[in-house]
Amino acid sequence: MKTKFLLAAAALAAMASSQAADHPAPHWDYRGKAGTSHWGDLEPDFATCKLGKAQSPVDLHAVKHGAAAPIDFHYAASHAEIVNNGHTVQVNLPEGGTVHLPSGDYHVVQFHFHTPSEETVNGKHYPLVAHLVHRNDAGELAVVAVLFKQGKENPALQPLFADLPPHAGDKHAVAGAFDLGALLPARHAYYAYMGSLTTPPCSEGVHWQILQQPVEISKGQLAAFRKLYPMNARPVQPLNGRVVEITG
Ligand SMILES: [Zn+2]
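Cut-offs and rules
Residues numbered from 1 in each chain as written. Predicted model: local features only at pLDDT ≥ 70, side-chain atom pairs only at ≥ 80, totals over all residues. Heavy atoms only, no water. Core = buried A, V, L, I, M, F, W, Y, C linked by side-chain atoms within 4.5 Å. Buried < 20%, exposed > 50% of the residue type's maximum accessible area, 1.4 Å probe, protein only. Contact = heavy atoms within 4.5 Å. Helix = DSSP H or I, 4+ residues; strand = E, 2+ residues; numbered from the N terminus. Pairing = 2+ DSSP bridges. Arc of directions from axis to C-beta. Polar contact = N/O pair within 3.5 Å; in protein donor to acceptor, adjacent residues only side chain to side chain. Disulfide = S-S within 2.5 Å. Phe/Tyr/Trp six-rings, centres within 6.5 Å; stacked < 30°, edge-to-face > 60°. Lys, Arg positive; Asp, Glu negative; His and termini not counted. Salt bridge = Lys/Arg side-chain N within 4 Å of Asp/Glu carboxyl O.

A. A look at the nonpolar core. Counting residues in each nonpolar core, the largest one holds 39 residues, and the members touching the most others are Phe111, Phe113, Leu132, Phe148, Leu160 and Leu180. If sequence neighbours within four positions are ignored, Phe148 has contacts with Phe113, Tyr126, Pro127, Leu128, Val129, Ala130, Asn154, Leu157, Leu183, Val215, Glu216 and Ile217. The next biggest cluster of nonpolar side chains, apart from the first, holds 17 residues, and it includes Val58, Val133, Leu141 and Tyr193.

In structure tokens:
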């Protein structure tokens, strides 16, 4: 009887974990009952979203001028996969190249978009931001943010935004080779601070670099993204004594 019970429990546990594998992301959202102000209460693993003292995004203001420490981008054209993950559109770039930052060398993993920009500059949002997510050999994360202002059509976005995966779970290979370097602005001066993931579980220890010069995006391109995600930005979080440096 007891053995039977244990077997049943083991089967249930196995079932639960296979369900978890099928649905890796617990439900969270930007608005409503599972919205940003509730993230910290949705799951025990999300507690950092409300208890963390070094959260992202932040408003970039009253910055301190740091020592010159330019970012060296070594991105390479590579195959890419575009995914609608239910919270944003993400582009996976397993062989997209590397970046050298003051905190060390990282390889690019993926990039994704938020509208409006999560980070604000002197209290003002940009219409869109791309977060370029990198990881180093120790597993630490570094994000380079590229801000977008409305203007001309952005040719680097064209292979992505011409064919956005419409539904959560949809994905496809991006046509041709994608070069992340084409998305960068001409000038690489940047704001830098230590923060967190801007989505649950809001893990801290993320090295943030926000490029100061925005690039352009057309009204039509912005509308194509907003048709899928009209608003997917976490509000700015308190600095709690952190200093934002501007450098590069
Ligand atoms: Zn992001």
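That was the structure; now back to the text.
B. Spotlight on the pairing of strand β5 (residues 89-92). Of the two faces of β5, the one lined by Val89 and Val91 and the one lined by Gln90 and Asn92 are each fully buried. Connecting the antiparallel pair strand β4 (residues 81-84) and β5 is a turn made up of four residues, with Gly86 showing a positive phi of about 90°. Of the strand pairs in this sheet, β5 and strand β7 (residues 104-114) are connected by three bridges, and their pairing is antiparallel. Paired with Val91 across the strands is Phe111, a residue of β7.

C. Representation of helix α5 (residues 219-228) in the model. For α5, the complete set of buried residues consists of Gln221, Leu222 and Phe225. Projected onto a plane normal to the axis of α5, the buried residues spread over an arc of 100° and lie on a single side. When the buried face of α5 is taken as reference, the exposed residues oriented beyond 90 degrees from it are Lys219, Gly220 and Lys227. Of the surrounding elements, those touching the buried residues of α5 are β5, β7, β9 (128-135), β10 (141-150), α4 (158-161) and β14 (215-217).

D. Up close: the environment of Pro102. Structurally, Pro102 is set in the loop between β6 (97-101) and β7. C-alpha of Pro102 to C-alpha of His207: the two residues are 105 residues apart in sequence and 9.7 Å apart in space. If near-sequence neighbours (up to four positions away) are discounted, Pro102 is found in contact with Ala69 and Tyr190.

E. Summary view of the environment of Asn85. Within the secondary structure, Asn85 sits in the loop between β4 and β5. The spatial distance from the C-alpha of Asn85 to the C-alpha of Lys171 is 8.6 Å, given a sequence separation of 86 residues. Sequence-distant contacts of Asn85, that is, excluding residues within four places in its chain, are made with Gln90 and Tyr229. At 2.9 Å, the side chain of Asn85 and the backbone nitrogen of Thr88 are in polar contact.

F. Fine view of the state of the cysteines. One pass over the full model with this rule turns up one disulfide. Across the disulfide, Cys49 is cross-linked to Cys202 (sulfur-sulfur distance 2.1 Å). In this structure, the disulfide formed by Cys49 and Cys202 twists by about 90° around the S-S bond and is classed as right-handed. Within this pair, whereas Cys49 is found in helix α3 (residues 48-51), its partner Cys202 is found in the loop between β12 (190-196) and β13 (204-211), the two being separated by 153 residues in sequence. The burial state of Cys49 is the same as that of Cys202; both residues are buried.

G. Spotlight on the packing of aromatic side chains. Counted by the stated rule, this structure contains twelve aromatic pairs. For the ring pair Phe73 and Tyr75, a centre distance of 5.4 Å and an interplane angle of 50° mean the geometry is tilted. One aromatic cluster in this structure is built from Phe111, Phe113, Phe148, Phe161, Phe178, Phe225 and Tyr229.

H. Representation of the side chain of Arg242 in the model. Relative to the helices and strands, Arg242 resides in the loop between α5 and β15 (245-247). Here Arg242 is buried and forms no salt bridge, its nearest opposite-charge partner Glu204 lying at an N-O distance of 6.5 Å. Polar contacts involving the side chain of Arg242 include one to the main-chain carbonyl oxygen of Ala54, which spans 3.5 Å. Leave out the neighbours within four places in its chain, and Arg242 touches Lys53, Ala54, Gln55, Val58, Tyr193, Met194 and Gly195.

I. Summary view of unusual backbone geometry. Cis geometry is found at the peptide bond from Thr115 to Pro116, where omega equals -10°. Residue placement: Pro116 occurs in the loop between β7 and β8 (120-121). A cis amide bond links Pro200 to the next residue, Pro201, at an omega of 10°. By the element assignment, Pro201 lies in the loop between β12 and β13.

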